[in-house]
Amino acid sequence: MNTNHDIVIDIKNGIDVYAIRQQFPILNREVKGKPLVYFDNAATSQKPQSVIDALVNYYTNYNANIHRGIHTLAEEATMAFEATRDTVQQFINARSREEIVFTRGTTEGINLVAYTWGRQNIEAGDEIIISSLEHHSNIVPWQILCEEKKAILKIIPINNKGELLIDEYKKLLNPKTKLVSVGHASNALGTINPVKQIIDTAHKAGAVVLIDGAQSTVHLDIDVQEMDCDFFAFSSHKLYGPTGIGILWGKKDLLEAMPPFQGGGEMIKEVTFEKTTYNDLPYKYEAGTPNIADAIAFKAALDFVNQTGKENIRKHEEELLHYATNELQQIPGVKIIGTAKEKVSVVSFIIDGLHPQDIGILLDNNGIAVRTGHHCAQPLMDCFKIPGTVRASFAVYNTKEEIDELATGLYSN
Ligand SMILES: Cc1ncc(COP(=O)(O)O)c(C=O)c1O
């Protein structure tokens, strides 16, 4: 089966969005009798045919468990699985493939660090800093850890645009700060955080830094060496890849020093009833049969992004973001929540007198998929004293015409 889909790129005009749309079969469907307009990309993006083909190809032609078998199918599956690790290494510019740990997604990556590094290094009275912008996945694991260890969770405040107050952050840092864990980009507002500055400042204070890359990896160039964070977690499904697979990147010395996360097959070197020795990186953190099919298909997603070009994708999404922001601002009663200077392609808004959920239902009746609610960021909604927003988030296959549809749908209520 051919899993190589050529992407038509018009160099002068960036990407050819119509050619790109051809690769996403779901975009041909209708919802409530209207062509689907999919603006829920921050929750999960749609998948190109190459990703779907890679999944089908694995199950059709070489389904086997990996690493253990010497038969042909096992070897083919192992090679394809490990090829994804190499592609991820290049995608985020990690120093070595041993630093790339497969997880179920961002949530599991953050929990892995909390359970291993956290339990080894956090003591009573220590402090962990997160921000007001965080997704629940980057709040709750630290709350659990703090409760267990009697440590203290501190929160970086934001201004009314939804930007972190970096001066306040600096004031929070002190010798008791052991970890800073912040999102690279906010899923609810789109704010891009100045992670380089956050990391450098934390390191000067002696703290380790985890960056939640769930919302940034699809939009921004990621270079973990340049960023110099200590851990970076992200999910395949927000990056045109399958669900149930993600990556935790960590600096090798930290990963080596940490205890294992889960015990079982694959993560061991030798087991006796008296003692077990653990496998080398990255397998030490990959207990049990992994999500082989989705890991393999994740490579097709990364190939799609690489072939389309991150720079082209970003330019296109920036255009969509500005266009949507202008369109929405013209609509009476609309208030955009989150107006940071640096944003990924996410627009959150509320409308006077209308509940976000009602707006979501109304738009769905027009075939338009948006997200409504607190976006797994309840403390952030509390900062704005609102129960939730309507969120439109854009991907490489979205168009200005679709944004016009959104605006028309909102005018008509
Ligand atoms: C900023 C952020 N962090 C973490 C997550 C959790 O990602 P996953 O559900 O893929 O584990 C999300 C998902 O929406 C997110 O947007």
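Look a little higher up for the structure.
Residues numbered from 1 in each chain as written. Predicted model: local features only at pLDDT ≥ 70, side-chain atom pairs only at ≥ 80, totals over all residues. Heavy atoms only, no water.

## Thoughts on the site of the ligand
Move 1: The full set of residues close to the ligand is G105, T106, T107, H135, S137, N187, D212, A214, Q215, S235, H237 and K238.
Move 2: D212 places a polar side-chain atom, nitrogen or oxygen, 2.5 Å from a nitrogen atom of the ligand.
Move 3: H237 is positioned such that a nitrogen or oxygen atom in its side chain is 2.7 Å from an oxygen atom of the ligand.
Move 4: Coverage of the ligand by the protein chains reaches 84% of its 390 Å² of free accessible surface. (Near = heavy atom within 4 Å. Polar contact = N/O pair within 3.5 Å; in protein donor to acceptor, adjacent residues only side chain to side chain. Areas by Shrake-Rupley, 256 points an atom, 1.4 Å probe, with all protein chains shown as cover.)

## Description of the sheet that holds strand β16 (residues 371-373)
By way of backbone hydrogen bonds, the strands of a sheet pair with one another, either parallel or antiparallel.
Move 1: Pairing is antiparallel in the open sheet, where four strands are placed in the order β13-β14-β17-β16. Each having just a single partner strand, β13 (334-337) and β16 make up the two edges of the open sheet. For this sheet the average axis-to-axis angle between neighbouring strands, irrespective of direction, equals 30°.
Move 2: In terms of strand pairing, β13 meets strand β14 (residues 346-351) through four bridges, oriented antiparallel. By the bridge assignment for β14, V334 is matched with I351.
Move 3: Packed onto the sheet, helix α11 (residues 310-329) meets β13 and β14 and runs at close to 10° relative to β14. (Pairing = 2+ DSSP bridges. Helix = DSSP H or I, 4+ residues; strand = E, 2+ residues; numbered from the N terminus. Axes fitted to C-alpha atoms, helices over the stretch in contact; angles between N-to-C directions. Contact = heavy atoms within 4.5 Å.)

## A closer look at the side chain of D230
Move 1: Relative to the assigned elements, D230 resides in the loop between α8 (224-227) and β9 (231-235).
Move 2: In this structure D230 comes out as buried when scored by relative accessible area, which is 7%.
Move 3: In this structure the side chain of D230 is engaged in a polar contact, spanning 2.8 Å, whose partner is the side chain of H203.
Move 4: Discounting chain neighbours no more than four positions away, the residues touching D230 are H203, A207, V208, V209, W249, G250, K251 and L254. (Buried < 20%, exposed > 50% of the residue type's maximum accessible area, 1.4 Å probe, protein only.)

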